[in-house]
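Residues per chain are reported as follows:
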Amino acid sequence: MITKYQALLDKLAASDMPPTAQYRINIEKIARFRIKAAQGNLDDPEKVEELCNCGQVEELVVQADNEMIVMDMYLRNRWWELVKPVEIEFNPDPNDDGGVEWGEETPKEEEKK
């Protein structure tokens with residue numbers, strides 16, 4: 001398991017994907033966490049499974065294999081270049097409900113009856 005997740009990190013390090021690409025950030029965090037969990041519990045696979053919370057150790061290995069396939073496609077197609085920045089409202093007005101009256105049926109719901 002450690003070897004497979006390290007291979008993911010090595011492939012990312014050797015790639016030209018920018019360190020700011022969200023896919024890279026996510027994969028690096030997941031791989032490092034799972035490597036650390038495995039290294040800290042070499043004789044306790046149940047603890048690794050508990051820490052990773054994504055299945056049995058054997059499934060974590062399969063996930064790493066599958067991620068390598070996805071990563072190959074991602075790198076080959078340079079998909080990080082297709083991601084466009086979006087504006088997110090981080091502090092929305094809690095009093096602005098968007099004009100929705102909660103609990104009332106919308107016109108479409110009334111037509112269904």
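Residues numbered from 1 in each chain as written. Predicted model: local features only at pLDDT ≥ 70, side-chain atom pairs only at ≥ 80, totals over all residues. Heavy atoms only, no water.

**A short note on a nonpolar patch on the surface**
There is a patch of nonpolar side chains on the surface, built from Ile-69, Val-70, Met-73, Trp-79 and Leu-82 and spanning about 430 Å² of accessible area. Looking at the element boundaries, Trp-79 is found in the loop between helix 4 (57–77) and helix 5 (107–112). (Patch = residues over 30% accessible without salt bridge, like charges linked within 9 Å, V, L, I, M, F, W, Y side chains within 5 Å. Areas by Shrake-Rupley, 256 points an atom, 1.4 Å probe, with all protein chains shown as cover. Salt bridge = Lys/Arg side-chain N within 4 Å of Asp/Glu carboxyl O. Helix = DSSP H or I, 4+ residues; strand = E, 2+ residues; numbered from the N terminus.)

**Digging into the pattern of salt bridges**
Under the criterion given, the structure shown has 7 salt bridges. Of the charged contacts, one joins Glu-50 and Lys-47 as a salt bridge, the two residues approaching to 3.7 Å between their closest N and O atoms. Of this pair, Glu-50 and Lys-47 both sit in helix 3 (residues 45–52), 3 residues apart, roughly one helical turn. Looking at Glu-50, the relative accessible area reads 55%, which means it is exposed. Each of Asp-16, Arg-78 and Glu-81 takes part in one network of salt bridges that share partners. (Buried < 20%, exposed > 50% of the residue type's maximum accessible area, 1.4 Å probe, protein only.)

**A few points about the packing of helix 2 (residues 22–40) against helix 4**
Contact geometry for helix 2 and helix 4: axes closest at 12 Å, N-to-C directions at 155°. Classified by the angle their axes make, helix 2 and helix 4 are roughly antiparallel. The hand of the helix 2/helix 4 crossing is left-handed. From helix 2, Tyr-23, Ile-27 and Arg-34 reach across to helix 4, where they touch Leu-60, Gln-63, Glu-67, Val-70, Met-71 and Tyr-74. (Axes fitted to C-alpha atoms, helices over the stretch in contact; angles between N-to-C directions. Parallel < 35°, antiparallel > 145°, perpendicular 65-115°, else oblique. Left-handed = near helix turned anticlockwise from the far one by under 90°. Contact = heavy atoms within 4.5 Å.)

**With respect to helix 4**
For helix 4, with 21 residues, the first-to-last C-alpha span of 30 Å sits near the 30 Å given by 1.5 Å per residue. Every buried residue of helix 4 is listed here: Val-57, Leu-60, Ala-64, Met-68, Met-71, Tyr-74 and Leu-75. Axial view of helix 4: buried residues confined to an arc of 135°, hence all on one face. Facing away from the buried surface of helix 4 by more than 90 degrees, the exposed residues are Glu-58, Ile-69 and Arg-76. The elements touched by buried residues of helix 4 are helix 1 (2–14), helix 2 and helix 3. (Expected span 1.5 Å × (residues − 1). Arc of directions from axis to C-beta.)

**Some thoughts on the environment of Glu-49**
Structurally, the position occupied by Glu-49 is in helix 3. What makes Glu-49 partly exposed here is its relative accessible area of 22%. Between the C-alpha atom of Glu-49 and that of Ala-38, which follows or precedes it by 11 residues, the distance is 9.0 Å.

**Description of the environment of Val-57**
Mapping Val-57 onto the fold places it in helix 4. The spacing of Val-57 and Lys-47 is 10 residues in sequence and 9.8 Å in space, taken between C-alpha atoms. When near neighbours in sequence (up to four residues on either side) are disregarded, Val-57 contacts Met-1, Pro-45, Val-48 and Glu-49.

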